[in-house]
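# Commentary on secondary and tertiary structure
Listed below, chain by chain, are the residues.
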Amino acid sequence: MVATVVAIITLAGLAHGTLGFGFPIVSTPLVALFVDIKTAVLVTVLPNIAVNIVSIMRGGNWRASIGKYWPLALWVMLASLLGSRLLLTVRHESL
């Protein structure tokens, strides 16, 4: 199981490195095929943060980007809070 998750995270990292986005889009659903969604989110959140920090540091001129795109970051944060709340409160059915 651990080897599978490592392979998925590696694949997601390659996708992100190639396209410039996509780590959580690839990693979370694929990990969720093997574990429940809550565990998948928990397993992929730290690598996702790491990929984002590396992207920010390597992209350069990040202060200007933050100044320009801060509303987007605010909406992403609010949507993440809402999505997390829904994930924790909505009942789901197992297959």
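Residues numbered from 1 in each chain as written. Predicted model: local features only at pLDDT ≥ 70, side-chain atom pairs only at ≥ 80, totals over all residues. Heavy atoms only, no water.

## Brief notes about the environment of T28
Note the threshold: Think of it this way: any DSSP run of H or I at least four residues long counts as a helix, any run of E at least two long counts as a strand, and we number them from the N terminus. Any two residues having at least one pair of non-hydrogen atoms within 4.5 Å are treated as being in contact.
With respect to the secondary-structure elements, T28 resides in helix α2 (residues 23–32). Distance from T28 to L14, taken between C-alpha atoms, is 15 Å for residues 14 residues apart in sequence. With residues near it in sequence (within four places) discarded, T28 still touches I37, A40, V41 and T44.

## Some words on helix α3 (residues 37–59)
As a reminder, the rule being used: One less than the number of residues in a helix, times 1.5 Å, gives the span that helix is expected to have. Working definition: with a 1.4 Å probe on protein chains only, accessible area under 20% of the residue-type maximum means buried, over 50% means exposed, and in between means partly exposed.
The end-to-end C-alpha distance of α3, which contains 23 residues, comes to 31 Å, matching closely the 33 Å that a straight helix rising 1.5 Å per residue would cover. Of all the positions in α3, only A40, T44, N48 and V51 are classed as buried. Backbone geometry just after α3 places G60 at a positive phi near 75 degrees.

## Digging into helix α1 (residues 2–19)
Cut-off, in case you're wondering: To obtain the arc, one takes the directions from the helix axis to the C-beta atoms.
The first and last C-alpha atoms of α1 sit 26 Å apart over 18 residues, in line with the 26 Å expected at 1.5 Å per residue. Along α1, the positions that sit buried rather than exposed are V5, I8, A12 and H16. Buried positions in α1, seen along its axis, are confined to an arc of 75 degrees and lie on one side of it. Away from its buried face by more than 90 degrees, α1 exposes A3, L14, G17 and T18. Where the residues of α1 are buried, they touch α2 and α3. G20 sits one or two positions beyond α1 and adopts a positive phi of about 90 degrees.

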